[in-house]
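# A look at the structure
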Protein chains: 2
Amino acid sequence: MNKSKAYLEENKERFLEELIDLLKLPSISADPSYKDDVIATAHMVKKRLAEAGCTHTEICETPGYPVVYGERIIDENLPTVLVYGHYDVQPADPIELWDSPAFEPVIKKTDKHPEGAIFARGACDDKGQMYMHVKALEYMVENDDLPCNVKFMIEGEEEVGSENLGWFIQRNQEKLKNDVILISDTGMIAKDVPSITTGLRGLSYVEVEVTGPNRDLHSGLYGGAVANPINILSKMIASLHDENNKITIPGFYDKVEELSQVERAKMAEAPFDVEQYKESIGLHDIYGEKGYTTNERNSIRPTLDVNGIWGGYIGEGAKTVIPSKAYAKISMRLVPHQDWKEITELFQKHFESIAPDGVYVKVKPHHGGQGYVTPIDGIEYKAASEAYKEVFGKEPIPQRSGGSIPIVAMFEKELKSKTILMGFGLDSDAIHSPNEHFGIWNYLKGIETIPFFYKHFARLKQK
Amino acid sequence: MNKSKAYLEENKERFLEELIDLLKLPSISADPSYKDDVIATAHMVKKRLAEAGCTHTEICETPGYPVVYGERIIDENLPTVLVYGHYDVQPADPIELWDSPAFEPVIKKTDKHPEGAIFARGACDDKGQMYMHVKALEYMVENDDLPCNVKFMIEGEEEVGSENLGWFIQRNQEKLKNDVILISDTGMIAKDVPSITTGLRGLSYVEVEVTGPNRDLHSGLYGGAVANPINILSKMIASLHDENNKITIPGFYDKVEELSQVERAKMAEAPFDVEQYKESIGLHDIYGEKGYTTNERNSIRPTLDVNGIWGGYIGEGAKTVIPSKAYAKISMRLVPHQDWKEITELFQKHFESIAPDGVYVKVKPHHGGQGYVTPIDGIEYKAASEAYKEVFGKEPIPQRSGGSIPIVAMFEKELKSKTILMGFGLDSDAIHSPNEHFGIWNYLKGIETIPFFYKHFARLKQK
């Protein structure tokens, strides 16, 4: 389909400039001080959807940040694709580790991206990948190539657990009616190895607080005689894994599905070089649950990670204090069949039960979501597979991702439709990290591939 | 000695105002951004020493903050008392827990201080207790009551480990020549239970850094497959104590002096109510090394406490990240005979040895000092004991303190003289904590008692 390549060539610069404008807005949903920027981003997305060909767009208020909705209905009798994405981004810290400011996008060449990559928070997760769909729509509209109806639901709270998306969906069942949900918020194995994410991990995110004495104490006068909340918190966290790095919370593994040797063998076929992996993140050794490979540990196995810890004096120099409180943010990645609410309760019960008498412990559940698995015999998977074949010249590999898009399971439950995950980012794009970036090649390849999904999905759906 | 009481009554208001002026300067030695305030405090102390009767005063530069020196030599043949104190203070954080700003002193009544107490950082540790000696000198000079020579050495780096005091003392042996060193930087058991601190713990303060991946990683994509530096740091810290809360560093206890049952029985005679203790710091249970009482745990036993810990995302909301680094500030309180440099090395060796393969560990020694024990049969102890008897009408109780004044052991080594610790603060004065305060009764009682020490020390020394 040469006209698509031609259209991309012609408009490439504009496509990049538009994305860069979007990336300049610091839409950090986790930090209330960026509220105005998050709202401004929603309005920019709405405007862009209209310009791209949506005949109706609106800012849909929720108890939290708004959902941007857009649609182009060409024929009630044709199938409808619902595109989901998010316009909010992760916080930028630690900002001192960014080579250029997180919200001043720059294009730089890298080994993996010789054609250049856009460096900015949200470049890949998810503004860049979300915007591929907006530009794919523009292409289809401009070239009379839209074979079905399309709806967009772009939210602003994905990075804080999509707290109000369920609320929104329950109240907009009719408006959101669709035949398939299309999302680009995951990655591909490599530029020459297209892949479709068929599994996502669930998530349970909690915050814990350990209180010892009712005020900070002098570590000389009290040291040794009172429970130090930092030492205790460390002990409690340490006890959450055993010597084989299995999680010790009673009942945690009860519902974990053990993959068959056949399935694990199939997974092992995906190209993976452990030395390259170690080198890419500067480790001299891998680490994890005994009895599983690296790729299994970060996809089909549940995990428990401390995402943040703080307590006592963390300024310059030395302060000899026993703090009153110590805190940690802890998240657990879950696999299909583990229920995040149940796991959160198990964690809370267990964590409170292991607190020694000298301290008080509070566990505050943050948010969570269920895991998900896409059947690889459904038409949405077939349509995506055909699309990749046309553009990449080869079949995509189905892969389980370790990441979580908690709302995918909810979509199926509430909207009764399947989700297809067509990701174009690379693991090396440093999402959630300093110097996040998105390859220009990947960005354009996404815009080129998406219309083929519409074409094949519309065809297969109407059979 | 009525004239001293009369002089105190007459000048009480001025004595308070002068201390309050001193407390308004935020002389935080740990934080470079307060450099000018620390220097300004040194100059104010110099001025006050001259006004109180020092015939020579000077600001002595060091590689760090200056030492303020003052002297009044009345007769080369008379003994000389060297007063040590410090004009720097601990950082004020967590500032949100102060009822009034840390550097805007206010006088408020409390249960323990019905006559009122001055609330401000440094009120007790050590500006208030140091200034008692300046005012005691003023009294003795004004009333022709100074029985011997006096020298003052007031430093500005005590709260950061007196890093340059050794440097200063080695270069000023002659200038600092003395017969006894007098310090008020400790506490007394209760207002009606005068006590002399006869033992101090040593200190080893280190900072540790655990590095996992070379950048922050997405906890979904990498969770379970790489070592999380926070989880690892927690595991390592947890392993530093065994199930009996004994420290597990090999060789740590080798030189610890085990007190005899007789000595322990004598210690146990000091009035102590564990229920009151728990209530005063809001604990529902005590905690510590098996086989020792609370008073033993915080005085004759060595300890290991984490004074600060940080890593990952500690802002509002949630960030699903595996951080590249995690840090902790760790201090060990040591007992006489434990060498702080040796303990620091043992810690470093052990901590590096327990790091798993997935991470890199750095241990940065901060500072430290030796423990100290004052003989209770020396004339300095006898003189102090007599002084308390005259003012309080009862013998003081010798007590071991859990705190550290690392320079005391150095004084004996470098200046060949004994130190006597006459502290007038209460454990409840919240030093190093929010709402630090110092009782007006205690402040004036100190000024009243100190001249009696001079009187009796001069008498006993000349025998």
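Residues numbered from 1 in each chain as written. Chains lettered and ligands numbered in written order. Predicted model: local features only at pLDDT ≥ 70, side-chain atom pairs only at ≥ 80, totals over all residues. Heavy atoms only, no water.

This part is about the overall build of chain A. When helices and strands are tallied, chain A shows 13 helices and 18 strands. Taken over C-alpha atoms, the radius of gyration comes to 23 Å for chain A, in line with the 23 Å a tight globule of 463 residues would show. Projected onto its principal axes, the C-alpha positions of chain A cover 80 × 50 × 45 Å. Taking all 463 residues of chain A together, the buried fraction comes to 63%. (Helix = DSSP H or I, 4+ residues; strand = E, 2+ residues; numbered from the N terminus. Rg over C-alpha atoms; globule rule 2.2 N^0.38 Å. Buried < 20%, exposed > 50% of the residue type's maximum accessible area, 1.4 Å probe, protein only.)

With that out of the way, let us pick up the sheet that holds strand β5 (residues 117-119) of chain A. Residue and element names in this part refer to chain A. One open sheet holds the 3 strands; their spatial order is β4-β5-β18, and the pairing between them is antiparallel. This sheet does not close on itself; its edge strands, each paired only once, are β4 (106-108) and β18 (437-439). On average, each strand axis in the sheet is inclined to that of its neighbour by 30°, with strand direction left out of account. Across 3 bridges, β5 lies against β18 in antiparallel orientation. (Pairing = 2+ DSSP bridges. Axes fitted to C-alpha atoms, helices over the stretch in contact; angles between N-to-C directions.)

A few words on the side chain of Glu380(B). All names here are of chain B. Its location among the elements puts Glu 380 in helix α11 (residues 379-392). Despite its burial, Glu 380 pairs with no opposite charge; the closest candidate is Lys 418, at 6.3 Å N-O. If sequence neighbours within four positions are ignored, Glu 380 has contacts with Val 180, Pro 375, Lys 418, Ile 420, Phe 453 and Phe 457. (Lys, Arg positive; Asp, Glu negative; His and termini not counted. Salt bridge = Lys/Arg side-chain N within 4 Å of Asp/Glu carboxyl O. Contact = heavy atoms within 4.5 Å.)

The operation relating chain B to chain A is a screw motion whose rotation component is 180°, with 0.0 Å of axial translation and a residual RMSD of 0.1 Å. On the angle and the small slide along the axis, the relation comes out as a two-fold axis. (Least-squares fit on C-alpha atoms with pLDDT ≥ 70 in both.)

All names here are of chain B. Two numbers describe how α11 lies on helix α13 (residues 440-462): the axes approach to 7 Å, and their chain directions differ by 130°. Classified by the angle their axes make, α11 and α13 are oblique. As for how α11 packs across α13, the hand of that crossing is right-handed. Contact with α11, carried on its side by Ile 379, Glu 380, Lys 382, Ala 383, Ala 384, Glu 386, Ala 387, Tyr 388, Glu 390, Val 391 and Phe 392, involves Trp 441, Lys 445, Glu 448, Thr 449, Phe 452, Phe 453, Lys 455, His 456, Phe 457, Arg 459, Leu 460 and Lys 461 of α13 and no other residues of that element. Class assignment for the residues of the contact of α11 with α13 results in 12 nonpolar, 2 polar and 9 charged. (Parallel < 35°, antiparallel > 145°, perpendicular 65-115°, else oblique. Left-handed = near helix turned anticlockwise from the far one by under 90°. Nonpolar A, V, L, I, M, F, W, Y, C, P; charged D, E, K, R; others polar.)

Our next topic: the interface of chain B and chain A. Of the residues lining the interface, 93 residues belong to chain B; the matching set on chain A comes to 93 residues. Between chain B and chain A lies a buried interface of about 7,900 Å² when both sides are counted; carbon and sulfur atoms form 53% of it. Across the contact surface, chain B and chain A share 0 salt bridges. On inspection of chain B and its partner chain A, the count reaches 43 residue pairs in polar contact (both at pLDDT 80 or more). (Buried area = accessible area lost by both parts, 1.4 Å probe. Polar contact = N/O pair within 3.5 Å; in protein donor to acceptor, adjacent residues only side chain to side chain.)

Glancing now at the domain arrangement of chain A. Quoted interface sizes are often the accessible area lost when the parts come together. Residue and element names in this part refer to chain A. You can read the domains of chain A as domain 1 (3-200 + 372-461) and domain 2 (202-256 + 302-369). For domain 1 and domain 2, the distance between their C-alpha centres works out to 35 Å. Opposite the 10 residues of domain 1 that make contact, domain 2 presents 7 residues. Counting the surface lost from both domain 1 and domain 2, the interface buries some 600 Å², and carbon and sulfur atoms represent 55% of this. (Domains from an automatic or database assignment.)

Looking now at the side chain of His86(B). Residue and element names in this part refer to chain B. Mapping His 86 onto the fold places it in strand β3 (residues 80-86). At 3.1 Å, the side chain of His 86 forms a polar contact with the side chain of Asp 125. One polar contact links His 86 to Glu 158, side chain to side chain, over a distance of 3.3 Å. Among residues more than four places away in sequence, those in contact with His 86 are Asp 125, Asp 126, Lys 127, Met 130, Ile 154, Glu 155, Glu 158, Glu 159 and Asp 185.

All names here are of chain B. Residue position: Phe 457 is located in helix α13. In this structure, the C-alpha to C-alpha distance between Phe 457 and Ala 384, residues 73 residues apart in sequence, is 7.8 Å. When residues no more than four places from it in sequence are discounted, the contact partners of Phe 457 are Pro 79, Val 81, Asp 179, Val 180, Ile 379, Glu 380 and Ala 383.

A few words now on unusual backbone geometry. Residue and element names in this part refer to chain A. With omega at 0°, the peptide bond leading from Asp 125 into Asp 126 counts as cis. Secondary-structure assignment places Asp 126 in the loop between β5 and α3 (127-142). Look at Ser 162: it is not a glycine, yet its phi comes out positive at around 45°. Within the secondary structure, Ser 162 sits in the loop between β6 (149-155) and α4 (165-170). Residue class for Ser 162 comes out buried when judged on its relative accessible area of 7%. For His 337, which is not glycine, the phi dihedral falls at a positive 90°.

What follows concerns the UniProt feature "domain: Peptidase M20 dimerisation" (unreviewed entry) in chain A. UniProt feature "domain: Peptidase M20 dimerisation" (unreviewed entry): in the numbering of this structure it lies at residues 199-358 of chain A. Helix makes up 29% of residues 199-358 of chain A and strand 22%. Its end C-alpha atoms lie 43 Å apart. (UniProt positions renumbered as here; feature names shortened; annotations may be inferred.)

This part covers the packing of aromatic side chains. Counted under the stated rule, the structure contains 28 aromatic pairs over all chains. When the centroid spacing of 6.3 Å and the interplanar angle of 50° are considered together, the rings of Tyr7(B) and Phe15(B) count as tilted. Of the two residues, Tyr7(B) and Phe15(B), neither departs from the other in class, the shared state being buried. Taken together, a centroid distance of 5.4 Å and an interplanar angle of 65° make the contact between Tyr84(B) and Phe411(B) edge-to-face. Remark: Phe411(B) occurs in helix α12 (residues 407-415) and Tyr84(B) occurs in strand β3; sequence separation between them is 327 residues. An aromatic cluster of at least three residues, connected via ring pairs, comprises Tyr388(A), Phe392(A), Phe424(A) and Trp441(A). The cationic tip of Lys108(A) hangs over the ring face of Phe119(A); the distance from NZ or CZ to the ring centre is 4.5 Å. Seen from the ring of Tyr69(A), Lys175(A) lies directly overhead, with NZ or CZ sitting 5.0 Å from the centre. (Phe/Tyr/Trp six-rings, centres within 6.5 Å; stacked < 30°, edge-to-face > 60°. Lys NZ or Arg CZ within 6 Å of the ring centre and 35° of its normal.)

Here we come to the sheet that holds strand β11 (residues 303-312) of chain A. Strand order in this open sheet of 8 strands is β14(A)-β9(A)-β13(A)-β11(A)-β11(B)-β13(B)-β9(B)-β14(B), and the pairing throughout is antiparallel. The outermost strands of the open sheet, each flanked by one partner alone, are β14 (360-369) of chain A together with β14 (360-369) of chain B. On average, each strand axis in the sheet is tilted by 20° relative to the strand beside it, whichever way the strands run. Along the sheet, helix α10 (residues 340-353) of chain A makes contact with β9 (202-211), β11, β13 (325-334) and β14 of chain A, crossing β14(A) at roughly 170°.

All names here are of chain A. This structure, assessed with the given rule, holds 0 disulfides over all chains. Left without a disulfide partner, Cys 54 is nearest to the cysteine sulfur of Cys 60, which lies 12 Å away. By relative accessible area, Cys 54 is classed as buried at 8%. Among the cysteines around Cys 148, which has no disulfide bond, Cys 54 carries the closest sulfur, lying 13 Å off. (Disulfide = S-S within 2.5 Å.)

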